[in-house]
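Residues per chain, in single letters:
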Amino acid sequence: MTQRELYSVSDSCINTTKLILLDSLLQEIRCVQGTYSSQCKRLDTMRLQWRVLLLFLHISNTFTSTDLSTADTNHYHSYEQAQAVFKQYETLHPSLAKVHSIGQSVQGKDLLVLQITSGVEQARQLRKPMFKWVASMHGNEAVGRQLVMFMGQFLLDNYGTDERVTKLVNTTDLWLMPSLNPDGFAAGQEGDCGDMASGGRGRENANMRDLNRDFPDQFRDGQSQEDLVRGRQPETLAAMTWIVSNPFVLSGNLHGGSVVASYPYDDSSTHTQSGHKSAAPDDSVFQHLAHLYADNHATMHQGNICPGDNFLGGVTNGAEWYDVPGGMEDFNYLHSNCFEITMELSCCKYPKGSALPEEWRSNKESMLQFMEATHMGIAGLVKDQLGSPIQDAVVEVLGIKHNVTTTKQGEYWRLLTTGTFTLVVHALGFQSSEHMEVVVTDQHQATVQDITLTKKEMSVKIDTVNESSDQEVSTLSPSGFLSAPDYVYHHYDDLVAFMAFYGHHFPHITRVYTIGQSVEGRNLTVMEISDNPGLHEPGEPEFKYIGNMHGNEVVGREILLVLIKFLCEGYGLDKRVTRLVDSTRIHILPTMNPDGFEVGHEGDKQSVVGRPNAHGKDLNRNFPDQFYTKPRENGVAEPETQAVMAWSKQIPFVLSANLHGGSLVANYPYDDTPNPRDRSGHSWPSPDEETFKILARVYSMAHPRMKTGHPCPEAGEFFPDGITNGAHWYSVSGGMQDWNYLNTNDFEITLELGCTKYPQHQELHTYWEENKESLLRYMESAHLGFKGFVLDSSGQGVPNATVTVEGIDHDVVTAADGDYWRLLSAGNYSVTVTATGMDPATREVEVKSIMYVDSDSGLVGAKQYNFTLQQDSGPVWSLVEDFELSENLAQEQYLSNQEVKVLLAEMENTYSEVAEAFINDADWSTDVPGLKMGVETNTSMPKVAVLLVGGLYGSQPVGREVLVRLARHMGEGYKKGDNIVTMILRMADIYILPAVDLAGFDSASVGTCSYKDHRMMDKEAGNSFKQKQSVGAEAVKKFMGRFNIKLALSLEGNGMFVRMPWDEVRQEDSKTDAVGVFNMMAKTFLTSHPVMKNKHSPCDGTRIMGKKVKNAFPTGLVHGGDLEPAMFVGSMQDYLWDKLNIPMVSAHISCCNYPRPRNLLELYKQNLPPILKFLELAYQGVWGKVTDSMNNPISNVNINIGGKMEVTDKDGIFLTVYPEGQHKLELVHKAFQTKTVKFTVEKSRMARRDVVLDSLAPSLSYHTREQVKDSLQSLVDQFPHSAQMYDHPDLECIKITANLTSGPKPVIRVVGWSMVGVEVSLALAQYLVTRVGKDDMVSDITDKYEVHVLFGKASPVSNTVATTTRCAAKTVVCDQTLGRAVERWAEGRQGEIFRVDFV
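Please read these numbers as outputs of a predicted model, since none were measured by experiment.

**Q** Describe in detail the overall build of the protein, supporting the description with residues and values.
**A** Of the regular secondary structure elements, the protein holds 37 helices and 58 strands. For 1399 residues, the compact-globule estimate of 2.2 N^0.38 gives 35 Å, and the protein exceeds it by more than 25% at 44 Å. Principal-axis analysis of the C-alpha atoms places the extent of the protein at approximately 155 × 120 × 55 Å. Among the 1399 residues that make up the protein, the fraction classed as buried is 55%.

Take a look at the structure:
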């Protein structure tokens, strides 16, 4: 081929094959060496040009992105279609795509995830980070679901042809979940846009729970394993497990309803509704990620796409937007290595499919960039010196209080923005790494920083002991040892050697283990002593001693080492020791503060040198406290504290003691009070005060000096029996003994063992001898009280069941095998066991002040009481009684104030036909949320407005929970066509104020059953209606001014009885003047309540603060003013009756003011029937219309109905709920004559009683013949059922009777003979017709008779002219024409019994 031929290759036929061929030909053309001619130059230039062209065309052919078509992106995938599509991807791309399910929804749908990465069929490649998309956790927010589906197709279609996609898939393990809530998606409706303020159909899962409020919350929930999982929805639990089980690095949570990128935190400790930023430690990283998405989105960066939106740059901090407790993005950050933000993708939550192509175009680049951000920051491996990976190493970036941990392969990824950072890595058993400075660039390419850690040297000195001599010693010395103890101080290395020696020489009963490390890296080593070391034996209690918490308080440390020797050497030789070890699993931690011990010095009596740990923190002020978090003391848990807390939650300890020095006393909880000014002298007893006193005395009374109560003469202290309540001695927040009691099953006391903190070692022998018996007796006390197993119906142990002793506000939970132990003082108790998914079981338990010894085994143990739980009957009850409302069965926790508001708003959405929420839309509802439930009707009878009140006293919140469930019951009942609910909602408008005292609720504590002082009630809304001191009470007053409430009911705690006014005695009488009405209301509730109606004293025998009470609670129906002491001062029910004449009663429905959440379902079950019966009172009473003689309504008529006052409205209508029977009502108006009428009320019937009032100044005038006829015709037109005109040649006749269609009645004839007679007759006719059924006398007449009023058709005859003066008596003038007409009228007419002639 010639050069000319090479140049003549046509452009139209260029392809990769030809270019490769051409390039190879060009390679063959060589210029002769030394003859580099111009032709050779041109040839080299041509060769270079062709190679560049080859490169560009080859890249163009090989890496061209193929976008999805409109046909690909203009529709939604159903659940079944998504399954099929994912399966197809897996089949077509077996090395790229794999389908997973992380769990199932409530309705059994798989929670599908598509994994996309190269080599997907193999284990994850080392250093390949994991990324996830999670969409549609709100089922009706559907755009994200489809974008995830589209992205899966896009990645698979373009892998190998698009360089960017190929690199992403090769370097990243991508997990795509289209829907965390497939049930909700199925329930949603395409085209239903909703908005951010409304949930919309399909938002919640099938249990009607919002999944983005269902995750554990750092500010709301506890941190224990139980707190993390309790009550979570199946979708939530599946996501939580997936998140914490995989090393995800970055995640996007796709929502709808707005257009913005939202980043953590989603809520704050104050739970301010909006406007309060809650920044995470990695706030700068989260802002970068949010901007990354928003800036690359077609419109999000504008920040104002949806109505009402105003987000600078299209991003927002979650809490600053609005407070969302329980969100998923916060859970990711706080409980895993994963950083997650939330993207709101569209104003319309579920737009039509035709809108999806534009959504794909708007979001594609943002999604790609966000996935690529998985590689930003720092990444690397952490290994040991042998090159083995170190799992769970902690990677710390100095200055950022958020760490990540390494994977099983030693990998870590730490997302960071551009800058220079200092990195340090820690791992258990290894020396921390040197501080390393790492530079992070602005490219999404992680800076690689691998780290090698060095193992710590563990030098253990073992005492030289002749093992054969150990074998020869077979008897104990009188003091209980095989060899005399060395009473010396054991520094860290000596202590480690001591523990190792006894662990080595007594392996059959010991186990040495470490629970963590101190600040300076010293191990916190525990000696376990048990007949089965390393194993929890079902039914056997676990015990622990902790010494040396304050490093310079050393006696406990040393006598615990002696105790280890005593137990090990005495086992098998000493009967008591053997029995104790065989019956109890004993754990001994001689030192909790080894760093502090090394700083202290022998002979120190009362200094603080060595007291704190190496960070200068007092460990007995460092635990979480029930009242206070002090940043400098317990704001951050020290390593030693963290280790002990984790240990204490891992093992089901029953009893423990914390050994201190500096005084001589047994100190028991609580250690502090809620009053920050308390320093000493104020006790704050725990619910188990009596039991703690017994335990403290067990130790003190066996100690020769402690029991005297005069430990340290120079201190001037006196402790009766050598024991003290901690707070009474001096208030300590952040103490370990309180934390144990409040957070575990463990009862712990603190033992001060001597007045000198660090005595001379020569005194240690004396300390041992003084404490030996106390130490043994206290360990034996783990067998006080009662114990047992909680089993299911098949005999299997039930873990995490709750054991509750009635009246003692402290529960214990069962261990993994269903075993439990409950330390308790002697007495008879009612014990209830509850467990998730099972019905509670209750039995009576007797505790004696003795320990039981098994005659066969010789083991010691508490008396055993087993419980067998049956399957939960709640769903069956719900199906029969509560429309299968699973939400009403929930009893995990009380609703917060915000949750109450949100729930009421959701009810308006869910039950829009019958429910209207009042939240922040009126001057009163800004302070008290409310809900109205009712159905609009077209009947003439007015609806009865009924008020139901809960949470009137913030510390008595049971009514809140019951009323929220009731509202749900009413809404669902109407939706399902329930007759009773429908009738109630047609007859009544129900106003529900479930939570009046919001502030009081926030300050109350769950489990608080009674007031320490009843005057505390005066600070709550319920007792604040006399004074303007309560926001809640003032809001209720405003509410009452807006709505015409007819009767009210409040649900309260503090007993089981029904209370009526007066609460404050009036004129030496506690009864109102409407006793019948109040008795009706109160008895309706009481007699329908399953407990109150059957039990004379439901609360008798209840334990309050651990003590049984008798006759301490009212029973039955009670007037508040009759109670002693007077507790209800300024009450709402007195206010309503006194100021507004509205009857209200208060149902006290719980012996405990603030019972545990587990009691809520039973309380709801008990109170649903009586509340419904109370609402049925809306059917019963009297109503009517008050008019004048011309049928005009009269407003503002005062009506006294047996002491209950009503006032007619503008239409003359009145209504009152009233007891059945015959009654009277009196009507008073300044312009009308006072009138009294009778009425009868039948059970469950609303009687109608219309009334006509007569004017005090009636207006009469003479009528012409035509006017008379017109007046009569008008009466007939208005009252066709009781008035009828009929024809006669010479007379105008009107027939008046109560029912014209009834059979013939006796006749009364009335005739007007003169001008005056005509007027009187006409007035009589008007009077009778307008009062039929409205006037007792008229009704009596017209029920029995027909009244016929006759008027002559000719003008009446008059013998005088009209005058206004008195007339002289004259002879009656008889109108003969009229007389003959009347006679003709009477001819042949039967039944006339009476005649009236007006002349």
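**Q** Run through unusual backbone geometry, naming residues and quoting values.
**A** Residue tyrosine 670 is bonded to the preceding proline 669 through a cis peptide linkage, with omega at 0 degrees. On the secondary structure map, tyrosine 670 appears in the loop between strand E23 (663-668) and helix H21 (689-701). Here the bond from glutamate 1124 into proline 1125 is cis, since omega is -5 degrees, no more than 30 degrees from zero. Note that proline 1125 resides in the loop between strand E44 (1117-1119) and helix H32 (1132-1140).

**Q** Provide a residue-level description of the nonpolar core, including the pertinent values.
**A** Ranked by size, the top nonpolar core spans 97 residues in total, and within it Leu948 and Met970 carry the most contacts. The element best represented in this core is helix H33 (residues 1160-1175), accounting for nine residues. Residues contacting methionine 970, with those up to four places away along its chain left out, are Met933, Val981, Ile984, Leu985, Ile990, Leu1172 and Leu1175. In terms of nonpolar packing, the next biggest core, distinct from the first, is built from 67 residues, Tyr89, Phe131, Ile341 and Leu345 among them.

**Q** Hey, could you go over the packing of helix H10 (residues 234-245) against helix H13 (residues 328-335) for me, with residue numbers and the actual values?
**A** Here H10 crosses H13 at 35 degrees, and the two axes come no closer than 10 Å. Of the two elements, H10 crosses H13, and the hand of that crossing is right-handed. Along the contact surface, H10 presents Met240, Ile243 and Val244, while H13 presents Met328, Phe331, Asn332 and His335.

**Q** Just give me the short version of the pairing of strand E37 (residues 930-933), but keep the residues and values in it.
**A** Here E37 shows a buried face lined by Gly930 and Lys932 and a second buried face lined by Leu931 and Met933. Pairing between E37 and strand E39 (residues 988-993): three bridges, direction antiparallel. Bridge assignment links lysine 932 to a residue of E39, and that residue is tyrosine 991.

**Q** Describe the packing of helix H17 (residues 555-570) against helix H24 (residues 764-780), with residues and values.
**A** Where H17 meets H24, the axes come as close as 10 Å, and the angle between the chain directions of the two elements is 65 degrees. In terms of their interaxial angle, H17 and H24 are classed as roughly perpendicular. Note on packing geometry: the crossing formed by H17 with H24 is right-handed. The segment H17 lies against H24, with Val555, Glu558, Ile559, Val562, Leu563, Phe566 and Leu567 engaging Leu764, Tyr767, Trp768, Asn771, Lys772, Leu775, Leu776 and Met779. A breakdown of the residues in the contact of H17 with H24 according to their chemical character gives twelve nonpolar, one polar and two charged.

**Q** Mind laying out the pattern of salt bridges, listing which residues take part and the relevant values?
**A** Considering all chains together, one arrives at 63 salt bridges under this definition. A salt bridge links lysine 349 to glutamate 141, with the nearest nitrogen and oxygen atoms 3.7 Å apart. Here lysine 349, found in the loop between strand E8 (339-346) and helix H14 (356-372), pairs with glutamate 141, found in the loop between strand E3 (130-135) and helix H6 (143-158); they are 208 residues apart in sequence, far enough to count as distant. Across the pair, glutamate 141 and lysine 349 agree in class, each one buried. By sharing partners, the salt bridges in this structure join Glu141, Arg203, Asp210, Arg213 and Lys349 into a single network.

**Q** I'd like to hear about the environment of leucine 1163, residue by residue, with values.
**A** Mapped onto the elements, leucine 1163 comes out in helix H33. The sequence separation of leucine 1163 and tyrosine 767 amounts to 396 residues, and the corresponding C-alpha distance is 54 Å. Dropping the residues within four chain positions of it, leucine 1163 is found in contact with Val958, Val962, Ile1149, Ser1150 and Pro1155.

**Q** Lay out the environment of tryptophan 821 with the relevant residues and their values.
**A** Secondary-structure assignment places tryptophan 821 in strand E29 (residues 819-822). Sequence separation between tryptophan 821 and histidine 271 is 550 residues; the distance between their C-alpha atoms is 38 Å. Beyond its immediate chain neighbours, meaning those up to four positions away, tryptophan 821 contacts His536, Gly539, Glu540, Pro541, Pro652, Val654, Phe786, Lys787, Val812 and Ala815. In this structure the side chain of tryptophan 821 is engaged in a polar contact, spanning 3.2 Å, whose partner is the backbone oxygen of glycine 539.

**Q** Account for the sheet that holds strand E28 (residues 812-813), with residues named and values stated.
**A** Spatial ordering of the open sheet is given by E28-E27-E30-E31, a layout of four strands whose pairing is antiparallel. Either end of the sheet is taken by a strand with one partner, and the two such strands are E28 and strand E31 (841-847). Both strand E30 (residues 827-834) and E31 contribute to a ladder of seven bridges, which runs antiparallel. Note on E31: the bridge partner recorded for valine 831 is arginine 843.

**Q** Go over the state of the cysteines, please, and point to the residues and values.
**A** Joining two cysteines, a disulfide is a covalent bond between their sulfur atoms. Taken as a whole and judged by the stated rule, the model has five disulfides. Note that cysteine 193 is cross-linked by a disulfide to cysteine 348, the S-S spacing being 2.0 Å. The disulfide joining cysteine 193 to cysteine 348 has a torsion of about -85 degrees about its S-S bond and is therefore left-handed. Note that cysteine 193 is positioned in the loop between helix H8 (182-187) and helix H9 (225-229) and cysteine 348 in the loop between E8 and H14, a separation of 155 residues in sequence. Disulfide pairing places cysteine 712 opposite cysteine 755 at an S-S distance of 2.0 Å. Between cysteine 712 and cysteine 755, the S-S dihedral sits near -100 degrees, and the bridge is therefore left-handed. With a gap of 43 residues between them, cysteine 712 in the loop between H21 and strand E24 (723-725) and cysteine 755 in the loop between strand E25 (747-754) and H24 connect regions that are remote in the sequence. Each member of the pair, cysteine 712 as well as cysteine 755, carries the same accessibility label: buried.

**Q** Now, about the sheet that holds strand E47 (residues 1198-1201): what can you tell me, with residues and values included?
**A** Whenever strands of a sheet pair, they do so through backbone hydrogen bonds, lying parallel or antiparallel. As summarised here, the arrangement of the four strands in space is E48-E47-E50-E51, forming an open sheet in which the pairing is antiparallel. Unpaired on one side and paired on the other, strand E48 (1204-1207) and strand E51 (1232-1241) mark the two borders of the sheet. Strand-to-strand twist in this sheet, taken as the mean axis angle between neighbours without regard to direction, amounts to 25 degrees. The sheet contact formed by E47 and strand E50 (residues 1221-1229) spans three bridges and is antiparallel. If you follow asparagine 1200 over to E50, its bridge partner there is glutamate 1226.

Cut-offs applied
- Residues numbered from 1 in each chain as written.
- Predicted model: local features only at pLDDT ≥ 70, side-chain atom pairs only at ≥ 80, totals over all residues.
- Heavy atoms only, no water.
- Helix = DSSP H or I, 4+ residues; strand = E, 2+ residues; numbered from the N terminus.
- Rg over C-alpha atoms; globule rule 2.2 N^0.38 Å.
- Buried < 20%, exposed > 50% of the residue type's maximum accessible area, 1.4 Å probe, protein only.
- Core = buried A, V, L, I, M, F, W, Y, C linked by side-chain atoms within 4.5 Å.
- Contact = heavy atoms within 4.5 Å.
- Axes fitted to C-alpha atoms, helices over the stretch in contact; angles between N-to-C directions.
- Left-handed = near helix turned anticlockwise from the far one by under 90°.
- Pairing = 2+ DSSP bridges.
- Parallel < 35°, antiparallel > 145°, perpendicular 65-115°, else oblique.
- Nonpolar A, V, L, I, M, F, W, Y, C, P; charged D, E, K, R; others polar.
- Salt bridge = Lys/Arg side-chain N within 4 Å of Asp/Glu carboxyl O.
- Polar contact = N/O pair within 3.5 Å; in protein donor to acceptor, adjacent residues only side chain to side chain.
- Disulfide = S-S within 2.5 Å.

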